[in-house]
Amino acid sequence: MRKILLAIMVWLCTIGASAQEVKLNSEGREAGYVETIIKRSQKIVDGLNISDAKKAEAVRNIIANRYFLLNDIHEQCEKTKRFAKDSISAPGKRQHVTEGAERRRDAELYKHHFELTAALSLYVDDATIEAVKDGMTYGVVPKTYQAHLDMIPSLTDFEKAQILAWLKEAREFAMDAQNSNAKHGWFGKYKGRINNWLSQRGYDLVKEREGWYKRIDAAKKK
């Protein structure tokens, strides 16, 4: 029995040790690109205040590997689309190949979408995962949410919750987007939804925005 317990303890310790290590999937990638991704990922990690160096490195590599994966998925789609554009003369067939590439891309993005959160959850708490997601999407969620609170002080708790929920939903799509323009495009779509919804609930957004700017100007003059 003692030997069995000892074996179990060794096994658990091995799991704990290996859980601290995340290999960087940089093999076969251009050195300059890898360096850029590592710096981008490290910048996010630097804002997380993770005191454990090994844990911080694991989180950085998880983020970097996510960028590698997204690039692979989008690049494969773009490669097929370029082939269709350059090599297929029939418009109908070219469109069929292009749309097929985009469907496969979207399927791959959905297939891998939840892996980032799952991997990070082994090392950090939910609040830190939120911070990682914001770091990967330029902090649009907290900035936009705070802007709505400042612009419309009379928002109800329900309205605040709905705005935040939609912004976080937009962030999930933005995290998988190909580039910064596409990421901001998703937020733009959801900002439009939020504005339409607030207008339907009786808010005059033009007046609310004018009042907000006046308050900002008054604060600057103090």
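The structure displayed is predicted, hence computed values, not measured ones. (Residues numbered from 1 in each chain as written. Predicted model: local features only at pLDDT ≥ 70, side-chain atom pairs only at ≥ 80, totals over all residues. Heavy atoms only, no water.)

Trainee: Whenever I open this one, the packing of aromatic side chains confuses me. Can you help?
Mentor: A full pass over the atoms with the stated rule returns seven aromatic pairs. The interplanar angle of 55° and the centroid separation of 5.7 Å between the aromatic rings of Tyr33 and Phe68 together place this pair among those described as tilted. In this pair, Tyr33 sits in helix α2 (residues 31-46) while Phe68 sits in helix α3 (residues 53-87), placing the two residues 35 residues apart along the sequence. Take Phe68: its relative accessible area is 1%, and that puts it in the buried class. Three or more aromatic residues joined by ring pairs form one cluster here, namely Phe158, Trp166 and Trp197. The aromatic ring of Tyr67 is capped on one face by Arg40, whose charged end is 4.9 Å from the ring centroid. A cation over an aromatic ring shows up here: Lys189 above the ring of Trp186, its NZ or CZ 4.2 Å from the ring centre. (Phe/Tyr/Trp six-rings, centres within 6.5 Å; stacked < 30°, edge-to-face > 60°. Helix = DSSP H or I, 4+ residues; strand = E, 2+ residues; numbered from the N terminus. Buried < 20%, exposed > 50% of the residue type's maximum accessible area, 1.4 Å probe, protein only. Lys NZ or Arg CZ within 6 Å of the ring centre and 35° of its normal.)

Trainee: Explain the nonpolar core here, please?
Mentor: Across soluble globular proteins, you tend to see nonpolar side chains buried next to one another. Core analysis: the largest hydrophobic core is formed by 23 residues, its most contacted members being Val59, Ile63, Leu120, Val124 and Met136. Mapped onto this core, the elements with two or more residues apiece are α2, α3, α5 (115-120) and α6 (126-135). When residues of this core are assigned to their parent elements, the largest contribution, eight residues, is made by α3. For Leu120, the residues in contact, after removing those within four places along its chain, are Val59, Ile62, Ile129 and Val132. (Core = buried A, V, L, I, M, F, W, Y, C linked by side-chain atoms within 4.5 Å. Contact = heavy atoms within 4.5 Å.)

Trainee: Sorry if this is basic, but what is going on with unusual backbone geometry here?
Mentor: A negative phi angle is the norm for most residues apart from glycine, just as the trans form is the norm for most peptide bonds. Its identity as a non-glycine residue notwithstanding, Asn49 has a phi of 55°, on the positive side. Along the chain, Asn49 falls in the loop between α2 and α3. Although it is not a glycine, Tyr138 adopts a positive phi angle of roughly 65°. When you line up the elements, Tyr138 lands in the loop between α6 and α7 (140-151).

Trainee: Got a minute to help me understand α6 in this structure?
Mentor: It helps to recall that an α-helix has 3.6 residues per turn; residues three or four apart then point in one direction. Turning to α6, its buried residues number three or more, namely Thr128, Ile129, Val132, Lys133 and Asp134. Buried positions along α6 lie against α2, α3, α5, α7 and α8 (157-175).

Trainee: Which parts of the structure should I look at to understand the pattern of salt bridges?
Mentor: Tallied over the entire structure, the rule returns 13 salt bridges. The shortest N-O distance in the salt bridge between Glu75 and Arg82 comes to 2.7 Å. Look at Glu75 and you get partly exposed, because its relative accessible area is 37%. With a closest N to O distance of 2.9 Å, Arg171 and Glu130 form a salt bridge. Pair noted here: Arg171 is in helix α8 and Glu130 is in helix α6, with a separation of 41 residues, a long-range link. A single network of salt bridges, built from pairs that share partners, joins Glu130, Asp134, Lys168 and Arg171. (Salt bridge = Lys/Arg side-chain N within 4 Å of Asp/Glu carboxyl O.)

Trainee: How do you make sense of the environment of Arg171 when you look at a structure like this?
Mentor: In this structure Arg171 comes out as buried when scored by relative accessible area, which is 1%. When the C-alpha positions of Arg171 and Thr137 are compared, they lie 6.9 Å apart, and in sequence the two are 34 residues distant. Arg171 has contacts with Glu130, Lys133, Asp134, Thr137, Val141 and Phe187, leaving out every residue within four places of it along the chain. Within the structure, the side chain of Arg171 is placed 2.8 Å from the side chain of Asp134, a separation counted as a polar contact. (Polar contact = N/O pair within 3.5 Å; in protein donor to acceptor, adjacent residues only side chain to side chain.)

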